[in-house]
Amino acid sequence: EAVLVQLDASLGRAPYVSGFAPGPDDFDTLAKLGTADTTRFPHVNRWRAHLRVLQARSNGGLTSWNLGTPVATQVASKASRPAASNPAAAKKFAATPAMGDPVAKNGHPKWYQPAAEANAIGNTGLRLYNSLTDDKDLFVPRNGKKVGMYVCGPTVYNVSHMGHARASLTFDILRRVLEDYFGYSVLYQVNITDIDDKIILHARRNKLFADYKAKNKSASDLQADIEKALASQKAKLEEKAQELAQPLAAGVQKRVVEERETLIKENALKQTQLSETVAKLAAAKGNVEGLYAAGSDLLKEMIDKELGHTVTDQAIFEEHARRFEMSWLEDMWALKVRDADVLTRVTEYVPDVVDFIEQTVNKGFAYASNGSVYFDTQHFKKSHDYPKLVPAAGQATAADIAEGEGALASEMAGEKKHQNDFALWKKSKAGEPSWPSPWGPGRPGWHIECSVMASDVLGDCMDIHGGGSDLKFPHHDNEMAQSEAYHGCQQWVNYFIHAGHLHIKGLKMSKSLKNFITIKQALEMYTARQLRLMFLNQRWDKAMDFSDQTMEAAKSMESKFNNFFGEVKAILRQDWTKKRQRWTPAESALQKTLEKTQDEVHERLCDNVDTPEVMRVLSDLITETNKYLKETSAPQALMLQRVAQYVCKVLKIFGVIEGMDDIGFTSAAASSGEQAVAPYLDAFTDFRDAVRTDAMAKKNTEVLTLCDSVRDVTMVQLGVRLEDKPTGKAVWKLEDAEALKKEQADKDNAANAKESAKRKNKLQQDIKKMEKDLGPLRQALIPEDQYWTAGSNANKYGAERDGSGLPTTDAKGEALSKKAAKGVKAEWDTFQKTRATLVEQSGGKPEEFVKEREGELSKLQQELASLS
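Rules used in this analysis
- Here the residue numbering is sequential within each chain, running from 1 through the sequence in written order.
- Residue-level local features of this predicted model are given only where pLDDT is at least 70; pairs of side-chain atoms are given and counted only at 80 or more, and the full residue set underlies all totals for whole chains, interfaces and linings.
- The basis for every side-chain value is the complete set of heavy atoms in the structure, and neither hydrogens nor water enter the calculation.
- Helix numbering and strand numbering both begin at the N terminus, where a helix is a DSSP run of H or I of at least 4 residues and a strand a DSSP run of E of at least 2.
- With a 1.4 Å probe rolled over the protein chains alone, any residue whose accessible area is under 20% of its type maximum counts as buried; one over 50% counts as exposed, and the rest are partly exposed.
- Note that accessible areas follow from Shrake-Rupley with a 1.4 Å probe, and for residues the cover is restricted to the protein chains shown.
- When DSSP finds two or more bridges between a pair of strands, those strands are recorded as paired.
- Whether a crossover is right-handed comes down to one check: with the strands pointing away from the viewer, does the path from the first strand over the helix to the second run clockwise; if it does, it is right-handed.
- Working definition of a nonpolar core: buried Ala, Val, Leu, Ile, Met, Phe, Trp, Tyr and Cys residues. They are joined through side-chain atoms within 4.5 Å.
- Contacts are assigned to residue pairs with any non-hydrogen atoms lying within 4.5 Å of each other.
- Note on method: axes are straight lines fitted to C-alpha atoms, helices fitted across the in-contact stretch only, with angles between N-to-C directions ranging 0 to 180 degrees.
- Angle categories are assigned with fixed cut-offs, so that under 35 degrees is roughly parallel, over 145 is roughly antiparallel, 65 to 115 is roughly perpendicular, and the rest are oblique.
- Three classes are used: nonpolar for Ala, Val, Leu, Ile, Met, Phe, Trp, Tyr, Cys and Pro, charged for Asp, Glu, Lys and Arg, and polar for all others, with Gly counted as polar.

(A) Up close: the overall build of the protein chain. Helix and strand counts for the protein chain stand at 27 helices and 18 strands. For the protein chain, the residues scored as buried account for 48% of the 868 residues in total. Taken as a whole, the protein chain presents about 42,000 Å² of accessible surface, with 53% of it coming from carbon and sulfur.

See the structure below:
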């Protein structure tokens, strides 16, 4: 009785029909049940009947076993598991792990953890932050060291930005650590979303906008259309602002409050961007190309609203998706992201989607409504936990629904039984692509694609599912719900991992907010290695800041590693075999530091792949090794090689280093040729050292400039870094030429900026002095009879004058005080003196003299403006 209770509970969360390949233990357990009455245990009853059908098909017994997914092994109760002392059983269970007892953590529903004791080979001590528990859980694969991993890929509607790189690079690093450090065999699947509301809108709008431009409208007509679109957009944002200004109901969920705050910031950003667009439109008035450049987005939205339904050629959407899919792939290759093992497109799975939905409807978990099909969340919750990742999202907010159903789902609300229900199949409207289905022409919903494609490749349960943290709810929760309903299980994903957002100026980077930097733009400013180092310096599961500061930190770390590798390689190029090799206490101490580092790196990688701490530990190791180099007169080359090789080993695992070279950042091509070019570079460096030393002694600046130029320009173009040392002996290092060029360009830009700032400061001082000097000169040009009524004296004095022609009253007609009268006399004397000096200096042409000085001032002001 007790065994049946446990077996029934376990089978309730296990797949034992779809994709079921039984193993020997399934039939052993079936034999032990004998003729026991299992009618009160529905899951046992169903499993028992299914096994008997399989037995009948194979004439009483199966002759071959698929040990990848034997259900009885997975669902056996602890009481029925073989003892660990049985070697054969232990080995078999290591390949087919059981599930442990369910646990519930941090407000999440129960989670079934794979049993570590049943898969010793797969238990490496790694703990991953699991979004199903919000805790670091021990990672145990289902099948030995084989790992099935599915990662949500791009929605290919536009160029990829650094927010997309956040997910792609993050999971690339995690995958590399799983494969290259922990030794797992990872089957890595990535999907391409090529059916989506965003793709439909962008493809349609681009087509309609191209047609609009082909009409060759006049500037005035174009201006009128843009003004119309602008007015509509202003009204839309103002309406949204008023809606967001309404007070929230008392007692709403915390996440609703946070959601409101974020929406307010986003709407404010959009209003600011619209104001910038208005300014650009004003500057482009009358210029057709300028108006198109500034107002294209406004026009596209307006034209689509009016004519979107007329776009009926399905190839338009397909071509758009393929174009941006290739753009994304090119970005991934440029970032050195490993290719996925399996790349799946939704458009290639539409028949499978229809079949998946049909079976879900037949099981009672979905319903058709007005040509669409919706998942019945309330019925599902009677037998399953939902939602799992964001338990607080039991009641979907308006933002959740908008995110889950897309921009073209305005008519869906009235078709659902419950507002939390979500679309599995969307009825296509005019201007949207469609495929045939039992419910009429339509297209797959957003969540269903991942369920279908992942199930096709990874089966009815996967080890790891990854994606961005913004996808937790509704996307991932809905994806799990429909998959568990289809497969008849309680846990479709064992470990759900989420990469944190990438932030820029405090907001998530997003195309909709237009606050994004494309991957291609980022790669124009930084190298792929520098971007990867920036990612490694920040936690993969937390929000990441993309800024000048974080990139400078990455570049600084790259420089530290690079300089270290260069120093070690320079020492190894020397004939170190002629030196004493016995260790001193210094080498023993450095070895202990290396061993401590190796232990810490392992601990940090086991602790949720904590790459920032790993990078810190490696940096500390280099710091200690640099101290050893500085304090040791005869450093041991082999000891240094050992340290450098270990650092490179870790960086290769992270994808920072390419090629087969033992030490350094050199590319694969450079690493193979370094030994060949070493004698030539040594000879050249020695020659330059001699020339430079002689030039310094003779203070020959022309030759020294040429020495600097060959170092900073010629050798950089060849991918060679030359570093002049205080000893007069330069050290050369082979590096990536493009990275060196960018670094040198940064140095040149910094030097130019410094020089520019210096020049700017000098100009400001010169302009200030010249303006001060010109003031009295301009005043001296005023005729004597007009002096007291013009220039700075206009409206300052009354009309009364004394015998010398000096004013005696102020503007109000009141007599000047003695002090004021004395000041008037002093000013007049200064005027006479300045005028006489000006006439003398100008050779009797004071007006031309002042005009020349004003021309000089204008040139200085123009130069200052060009530097600002």
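(B) Main features of the pairing of strand β12 (residues 462-468). Most of β12 sits inside the fold, with seven of its seven residues counted as buried. In this structure, strand β5 (residues 146-151) lies alongside β12, joined through three bridges in parallel fashion. By the bridge assignment for β12, Y150 is matched with H465. Bridge count between β12 and strand β13 (residues 493-499): six bridges; the pairing is parallel. Residue I464 lies in a different strand from β13, and its bridge partner there is Y495. Each parallel crossover has a hand, and the one from β12 via helix α16 (residues 472-487) to β13 is right-handed.

(C) Representation of the pairing of strand β3 (residues 127-130) within the structure. Along β3, the buried face is formed by L128 and N130; none of R127 and Y129, which line the opposite face, is buried. With four bridges joining them, β3 and strand β4 (residues 135-138) adopt antiparallel strand pairing. Residue pairing for β4: L128 is matched across the bridge by D137.

(D) Structural view of the nonpolar core. Counting 137 residues, the largest nonpolar core has M149, F561, F565, L651 and F654 as the members making the most contacts within it. Among the elements that make up this core, the one with the highest residue count is helix α22 (residues 637-653) (eleven residues). In contact with F654, other than residues within four places in its own chain, are I173, R176, V177, R532, L536, L605, T611, V614 and M615. With 23 residues, the next largest nonpolar core counts A203, L274, A294 and I303 among its residues.

(E) Region of the structure containing the sheet that holds strand β10 (residues 422-427). Ordered in space as β8-β9-β10-β11, the four strands form an open sheet in which the pairing is antiparallel. Of all the strands in the sheet, just β8 (366-369) and β11 (442-444) have a single pairing partner and so form its edges. Averaged over all pairs of adjacent strands, the angle between strand axes in this sheet comes to 25°, irrespective of strand direction. As paired elements, β10 and β11 share three bridges and run antiparallel to each other. Directly across from K427, in β11, lies its bridge partner G442. Relative to the sheet, helix α12 (residues 350-362) contacts β8, β9 (372-375), β10 and β11, its axis offset from that of β10 by approximately 125°.

(F) Representation of the sheet that holds β12 within the structure. Strand order in the open sheet formed by five strands is β7-β6-β5-β12-β13, with parallel pairing between adjacent strands. With one partner strand each, in any of the chains shown, β7 (342-345) and β13 form the two edges of the open sheet. Between one strand and the next, the sheet's axes are offset by a mean angle of 20°, whatever the strand orientation. Across four bridges, strand β6 (residues 185-192) lies against β7 in parallel orientation. By the bridge assignment for β7, Q189 is matched with V342. Packed onto the sheet, helix α15 (residues 446-458) meets β5, β6, β7 and β12 and runs at close to 150° relative to β6. Sitting on the sheet, α16 touches β5, β12 and β13, and the angle it makes with β12 is about 160°.

(G) Looking closely at the packing of helix α18 (residues 528-536) against helix α21 (residues 611-631). Contact geometry for α18 and α21: axes closest at 8 Å, N-to-C directions at 110°. Our classification of the angle between α18 and α21 gives roughly perpendicular. On α21, the residues that touch L533, F535 and L536 of α18 are T611, P612 and M615. Here the contact of α18 with α21 is composed, by residue class, of five nonpolar, one polar and no charged.

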